[in-house]
Amino acid sequence: MASRACDGCGTNVSIAGGIANIWSQESRPTEGIVLELGDDTEHFLCYDCIDRLPDDQEVTAADVAALSGQTGD
């Protein structure tokens, strides 16, 4: 499976698609998605970073940038 760095924390996470591990039939779940935010920017975020986004306001690129300075609960 291919991997991609999260725009929030920088961690490489598994993503679906591509031909990586096609012969091994390894099956790992996708660990992030691309989100289109309220300011019309797109960011690839892991599920942990998505959980840390504010849910009381429209999310913007500034919120994603703020994730890099946060630590998990």
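Procedures and definitions
- Residues numbered from 1 in each chain as written.
- Predicted model: local features only at pLDDT ≥ 70, side-chain atom pairs only at ≥ 80, totals over all residues.
- Heavy atoms only, no water.
- Core = buried A, V, L, I, M, F, W, Y, C linked by side-chain atoms within 4.5 Å.
- Buried < 20%, exposed > 50% of the residue type's maximum accessible area, 1.4 Å probe, protein only.
- Helix = DSSP H or I, 4+ residues; strand = E, 2+ residues; numbered from the N terminus.
- Contact = heavy atoms within 4.5 Å.
- Pairing = 2+ DSSP bridges.

- As annotated in an unreviewed UniProt entry, the chain is Small CPxCG-related zinc finger protein from Haloarcula argentinensis.

Notes on the nonpolar core
If you look at soluble globular proteins, the nonpolar side chains tend to sit buried side by side.
Then, number 1: Counting 12 residues, the largest nonpolar core consists of C6, V13, I15, L37, F44, L45, C46, C49, L53, V59, V64 and L67.
Then, number 2: Of all elements in the fold, only β2 (12–15), β4 (42–46) and α2 (61–67) reach the threshold of two or more residues within this core.
Then, number 3: For this core, the element with the most residues is β4, which contributes 3 residues.
Then, number 4: Beyond its immediate sequence surroundings of up to four residues, L45 is in contact with C6, D7, G8, G32, I33, L35, I50, L53, V64 and L67.

With respect to the environment of G10
Then, number 1: Mapped onto the elements of the fold, G10 is located in the loop between β1 (2–5) and β2.
Then, number 2: For G10, a relative accessible area of 45% corresponds to the partly exposed category.
Then, number 3: Along the backbone, G10 and L67 are 57 residues apart, and their C-alpha atoms lie at a distance of 9.8 Å.

Topic: the pairing of β4
Then, number 1: Burial analysis of β4 places 4 of its 5 residues in the buried class, the great majority of the element.
Then, number 2: One ladder, built from 5 bridges, connects strand β3 (residues 32–36) with β4; its direction is antiparallel. Across the sheet, V34 pairs through a bridge with F44, a residue of β4.
Then, number 3: The turn linking β3 back onto β4 is made up of 5 residues, and D40 within it adopts a positive phi angle of 65°.

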